[in-house]
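# Summary of structural features
Below are the chains, spelled out letter by letter.
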Amino acid sequence: MKKCILVYEDDSEILDLCRMILEGPDRRVEMKMRCDDIIADIEQFEPDIVLMDLWIPEMGGEKAVHLMKTNPSAKHIPVILFSAHPEIEQVSKKVKAEGYLSKPFDITHLKGIIEKNIL
């Protein structure tokens, strides 16, 4: 069965880039431009990892990750926050994400952090 990467990002170009980089014979990439239904999305897509933009509409990545980490059916899923926010590392620790990626990001680093954390 293919591993699923669920990407939350409100920039369609970054979504397309993530799909091109991460999709493969053993992986599928699901993409969302909003995170207001994050628990329903997780139930629908059953992701092995979530890549979350910090500044995504409506509720924002920080609150969405908090919802995940406090939900029994979603708290085990690794989350990687990504953002151009200057304090992304601190925010990542605060919400107990498994990692972070600063924008603009290096493709090799993106692939590496996904490989390291995918279930």
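The preceding data block contains the structure.
With that out of the way, let us pick up the environment of phenylalanine 105. Tracing the backbone shows phenylalanine 105 in the loop between strand E5 (99-102) and helix H5 (107-117). Phenylalanine 105 sits 23 residues away from phenylalanine 82 along the chain, and the two C-alpha atoms are 8.6 Å apart. Dropping the residues within four chain positions of it, phenylalanine 105 is found in contact with Ile14, Leu17, Cys18, Ile21, Phe82 and Leu110.

All right, on to a negative patch on the surface then. A contiguous patch of negative charge on the surface is contributed by Asp10, Asp11, Glu13 and Asp16. In this fold, aspartate 11 is placed in the loop between strand E1 (3-8) and helix H1 (12-22).

Here we come to helix H3 (residues 61-69). Within H3 the residues assigned to the buried category are Gly61, Ala64, Val65, Met68 and Lys69. Down the axis of H3, the sector holding all buried residues measures 135°, keeping them to one side. Next to the buried residues of H3 lie helix H2 (38-45), strand E3 (49-53) and strand E4 (79-83).

Here we come to the sheet that holds E5. Taking strand neighbours across the sheet as the criterion, the five strands line up as E2-E1-E3-E4-E5 in an open arrangement whose pairing is parallel. With one partner strand each, in any of the chains shown, strand E2 (27-32) and E5 form the two edges of the open sheet. When the angles between neighbouring strand axes are averaged without regard to direction, this sheet yields 20°. As defined by bridge partners, E3 adjoins E4 across four bridges and the pair is classed as parallel. In the sheet register, valine 50 faces E4, and the bridge partner there is valine 79. Its contacts with the sheet put H3 on E3 and E4, and the angle it makes with E3 is roughly 155°. Helix-sheet contacts for H5 involve E1, E2, E3, E4 and E5, and the interaxial angle to E5 is about 170°.

Reading the values: rules and limits
Residues numbered from 1 in each chain as written. Predicted model: local features only at pLDDT ≥ 70, side-chain atom pairs only at ≥ 80, totals over all residues. Heavy atoms only, no water. Helix = DSSP H or I, 4+ residues; strand = E, 2+ residues; numbered from the N terminus. Contact = heavy atoms within 4.5 Å. Patch = residues over 30% accessible without salt bridge, like charges linked within 9 Å, V, L, I, M, F, W, Y side chains within 5 Å. Areas by Shrake-Rupley, 256 points an atom, 1.4 Å probe, with all protein chains shown as cover. Salt bridge = Lys/Arg side-chain N within 4 Å of Asp/Glu carboxyl O. Lys, Arg positive; Asp, Glu negative; His and termini not counted. Charge placed at Lys NZ, Arg CZ, Asp CG, Glu CD. Buried < 20%, exposed > 50% of the residue type's maximum accessible area, 1.4 Å probe, protein only. Arc of directions from axis to C-beta. Pairing = 2+ DSSP bridges. Axes fitted to C-alpha atoms, helices over the stretch in contact; angles between N-to-C directions.

Just geometry here; none of it tells us what the structure is for.
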